[in-house]
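Structural features, examined
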Amino acid sequence: MKILKRVLGVVLALFVAAMFLFPLLWVVLASFKTKLELLAVPPVFIFQPTLQNYINAFNSDFPMQVRNSLIIAISSTVISIILGSLTAYGFSRYAIKGSDFLQFWILSLRMLPAIAVVVPFYLVFRMLGLLDTHIALILVYCLFNISFAVWVLKGFFDEIPLELEEAAMLDGYSPPQVFLRVALPLARSGLATTAVFCLIQSLNEFLLAVSLTTRVAETAPVGLSKVQTLMGVDWGLLSAASVLFMLPIVIFTIIVRNELVRGMSFGRMK
Amino acid sequence: MTQEAMVSKRDGPATAMEAAAGFRGVWWRRLLFVPTFGLLLLLAIVPLIFSLGISLFNYSIGSKPIWVGLGNYLNMFTDPQFWLATRVTVQFTIAAVSIEVVLGILFGFVMNQRFTGMGIIRLIVFLPMMLAPLVVGLFWRFMFDQTFGIVDYLLTQIGLPAIPWLIDPFWARVAVVVVDVWQWTPFVTLLVLAGLGTVPTDLLEAATLDRASNWMKFRQIYWPYLRFPLLLALLFRSIDTLKMFDSPFILTGGGPGNYTSTLSILGYRHQIMFFNVGMAAAISWVVVIIINIVTNILVKLITPAKVGQVHTGL
């Protein structure tokens, strides 16, 4: 009876995993199919794989779009980690007037719908001639990344024992030195985790990217969204590009797998 | 900012830091807060106020803005497209979030077992929520296709009729919910698992010895530890579905007949396709207000639940 229950549990777990894995496998499979096999009825499961879709993806605008995505995501992440770690450390170590209010305000930025800032940003960037530039998206993504970084990093700083910083103070370190030489090195895994989440969020964002870029600074999701071409939808190329775009995200997820709860719940749960 | 008014939070280092304060200390604290809040004000508050202003004008890009007061809001409230978009957004939110919570709890218990390979299974289950919603919508669109889609093929294989996904107004909405459930149930499962991890094992052992029924175990032992993570999941999921844009945009483009057009999609259309910026701003403000109301209700529910669990005030 006990063994039966155990087996049933394992089978259930495998079934759940299969449900989430199947669509991903299907798109990977599709990326290796020819045009005919992609549109075959009934769908084919076994076929001679081809790399043609990947070659096509590399010869399209896709590499440029990925480059844009990376420039924007990395720049925004670096700015957000620098500013976020300063402020998170401040909230963690100093009591400032209205600290709770300010922290809540930062949290509420997580609730801010992107559509609400699309209109004003579009007009302002248009006026400044910054539409379709990297700078526009880097700045806008900072809005979401900084607020995220402050909350999550505060949790990591709170976990550092104060005694270490006290000892450094007694050794004659100034507060900035304590921050740079004691707190930051101790929080490095937290900093890395936060950075990875900022990167993922920035790479995945779509509404602001599609509104504020047209061609030059187009990110990968924007490129992928323009599926309708004169030739119809090239599902082979789209699948290959999707797989290439998801690959780094999968690697990032493996890196931060133990901190998923914190990263996904804005640090509200540990 | 009020850095000067800072007082020491704890004894020890804070007092030592106070001692070391002086001129450089003040500058240090300014550096901690001023750049961040300066940038956030510039990026959040200024645009929001600007957008509130725009919503009072009849303004199309390229033409002169004309003051219309609440005209955009009045037009919006008499526009059937707005009410349809509101209804669709609320339908998506209620359907997707309730299914995600129920499945999330079930899958949480399934994933809470221990056996070799569970690490990999969990990783697979948590993967969807990390992917770009746009890419997820894209490959589901491929799978939902009428002629060569795998979903209809599998349905007909088990004897069910093929479904006109993405074409029929009802089934297109179901498709959007299916995709959201596929991508975001893992998030609820993740939080449920985290909650289950905090249940003390001696409580469970005692319940097993007492031969408590499964329902009793759930209600009496697991539930108190699941309440906070579930409310948190409810908060994040409701907000994210209320502002949903990416997956209906790529799956159906808001169609057929605007039946999958959410408020975010409607606002985007007014902005980018009709260049009607004033109206787009008015719609986006409605989204902000709805999300604010929902957030406040859920935060009120969360606050008593989190006492003793999380020390920072939400």
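Residues numbered from 1 in each chain as written. Chains lettered and ligands numbered in written order. Predicted model: local features only at pLDDT ≥ 70, side-chain atom pairs only at ≥ 80, totals over all residues. Heavy atoms only, no water.

A word on the overall build of chain A
- Tallying secondary structure elements over chain A gives 14 helices and 0 strands in all.
- For chain A, the N- to C-terminal ordering of α and β elements is α-α-α-α-α-α-α-α-α-α-α-α-α-α.
- The buried share of chain A, taken over its 270 residues, is 58%.
- When contacts within chain A are restricted to residue pairs at least 6 apart in sequence, those whose partners lie at least 24 apart make up 74%.
- Per element, the accessible surface of chain A, about 11600 Å² overall, is 71% carbon and sulfur.
- The average position of the 19 basic charges and that of the 14 acidic charges among the side chains of chain A differ by 6 Å. (Helix = DSSP H or I, 4+ residues; strand = E, 2+ residues; numbered from the N terminus. Buried < 20%, exposed > 50% of the residue type's maximum accessible area, 1.4 Å probe, protein only. Contact = heavy atoms within 4.5 Å. Areas by Shrake-Rupley, 256 points an atom, 1.4 Å probe, with all protein chains shown as cover. Lys, Arg positive; Asp, Glu negative; His and termini not counted. Charge placed at Lys NZ, Arg CZ, Asp CG, Glu CD.)

Quick word on the environment of Arg237 of chain B
Residue and element names in this part refer to chain B.
- Examined against the element boundaries, Arg237 turns out to sit in helix 10 (residues 214–242).
- Sequence separation between Arg237 and Ser98 is 139 residues; the distance between their C-alpha atoms is 9.7 Å.
- Non-local contacts of Arg237, meaning those with residues more than four positions away in its chain, are made with Val97, Glu100, Asp180, Trp184, Phe187 and Val188.
- A polar atom in the side chain of Arg237 sits 3.0 Å from the side chain of Glu100. (Polar contact = N/O pair within 3.5 Å; in protein donor to acceptor, adjacent residues only side chain to side chain.)

Details of the domain arrangement of chain B
All names here are of chain B.
- By domain assignment, chain B separates into domain 1 (3–54) and domain 2 (71–305).
- Here the C-alpha centre of domain 2 lies 37 Å away from the C-alpha centre of domain 1.
- At the junction of the two partners, domain 1 supplies 4 residues and domain 2 supplies 7 residues.
- Counting the surface lost from both domain 1 and domain 2, the interface buries some 440 Å², and carbon and sulfur atoms represent 68% of this.
- There are 0 salt bridges connecting domain 1 and domain 2.
- For the pair domain 1 and domain 2, the number of links is 1 residue pair in polar contact (both at pLDDT 80 or more). (Domains from an automatic or database assignment. Buried area = accessible area lost by both parts, 1.4 Å probe. Salt bridge = Lys/Arg side-chain N within 4 Å of Asp/Glu carboxyl O.)

Some details on the pattern of salt bridges
- One pass over the structure, following the stated rule, counts 11 salt bridges over all chains.
- Here Arg110 of chain A makes a salt bridge to Asp240 of chain B, at a shortest N to O gap of 3.1 Å. Here the residue Arg110 of chain A occupies a position in the loop between helix 5 (99–108) and helix 6 (114–127), and Asp240 of chain B occupies one in helix 10, the pair thus bridging two chains.
- Between Arg262 of chain A and Glu259 of chain A there is a salt bridge, with its nearest N and O atoms 3.5 Å apart.
- Residue classification places Arg262 of chain A among the buried positions, given a relative accessible area of 8%.
- The exposure class assigned to Glu259 of chain A is partly exposed, which follows from its relative accessible area of 25%.

A short note on the packing of helix 5 (residues 118–126) of chain B against helix 8 (residues 169–196) of chain B
All names here are of chain B.
- Interaxial distance between helix 5 and helix 8 falls to 9 Å at its minimum, and their mutual angle equals 135°. Classified by the interaxial angle, the pair formed by helix 5 and helix 8 is oblique. Contacts between helix 5 and helix 8 pair Arg122, Val125 and Phe126 from the former with Pro186, Thr189, Leu190 and Leu193 from the latter.
- Classifying every residue of the contact of helix 5 with helix 8 gives 5 nonpolar, 1 polar and 1 charged. (Axes fitted to C-alpha atoms, helices over the stretch in contact; angles between N-to-C directions. Parallel < 35°, antiparallel > 145°, perpendicular 65-115°, else oblique. Nonpolar A, V, L, I, M, F, W, Y, C, P; charged D, E, K, R; others polar.)

Section: the packing of aromatic side chains
- This model, assessed by the stated rule, comprises 38 aromatic pairs over all chains.
- A centroid spacing of 6.0 Å and a plane angle of 85° characterise the contact between Phe139 of chain B and Trp182 of chain B, whose relative ring orientation is edge-to-face. With Phe139 of chain B in helix 6 (residues 133–143) and Trp182 of chain B in helix 8, the pair connects residues that are 43 residues apart, well separated along the chain. The exposure classification of Phe139 of chain B matches that of Trp182 of chain B, with both residues buried.
- Consider the rings of Trp165 of chain B and Trp171 of chain B, whose centres lie 5.6 Å apart with planes at 75°: the pair is edge-to-face.
- One aromatic cluster is present, formed by Phe20 of chain A together with Phe107, Phe139, Trp140, Phe144, Trp165, Phe170, Trp171 and Trp182 of chain B through successive ring pairs.
- Across the ring face of Phe156 of chain A, the terminal group of Arg262 of chain A is positioned such that the distance to the ring centre comes to 3.9 Å. (Phe/Tyr/Trp six-rings, centres within 6.5 Å; stacked < 30°, edge-to-face > 60°. Lys NZ or Arg CZ within 6 Å of the ring centre and 35° of its normal.)

Structural notes on helix 9 (residues 175–186) of chain A
- Taking 1.5 Å of rise per residue, 12 residues should cover 16 Å, and helix 9 of chain A covers 15 Å from first to last C-alpha, within 8% of that figure.
- Restricting attention to buried positions, one finds in helix 9 of chain A the residues Pro175, Val178, Phe179, Val182, Ala183 and Leu184 of chain A. (Expected span 1.5 Å × (residues − 1).)

A look at a nonpolar patch on the surface
All names here are of chain A.
- The grouping of Leu70, Ile74, Val78 and Ile82 at the surface amounts to a nonpolar patch, some 340 Å² of accessible area in total.
- Its place among the elements puts Val78 in helix 4 (residues 62–93).
- According to the relative accessible area criterion, Val78 is partly exposed, its value standing at 44%. (Patch = residues over 30% accessible without salt bridge, like charges linked within 9 Å, V, L, I, M, F, W, Y side chains within 5 Å.)

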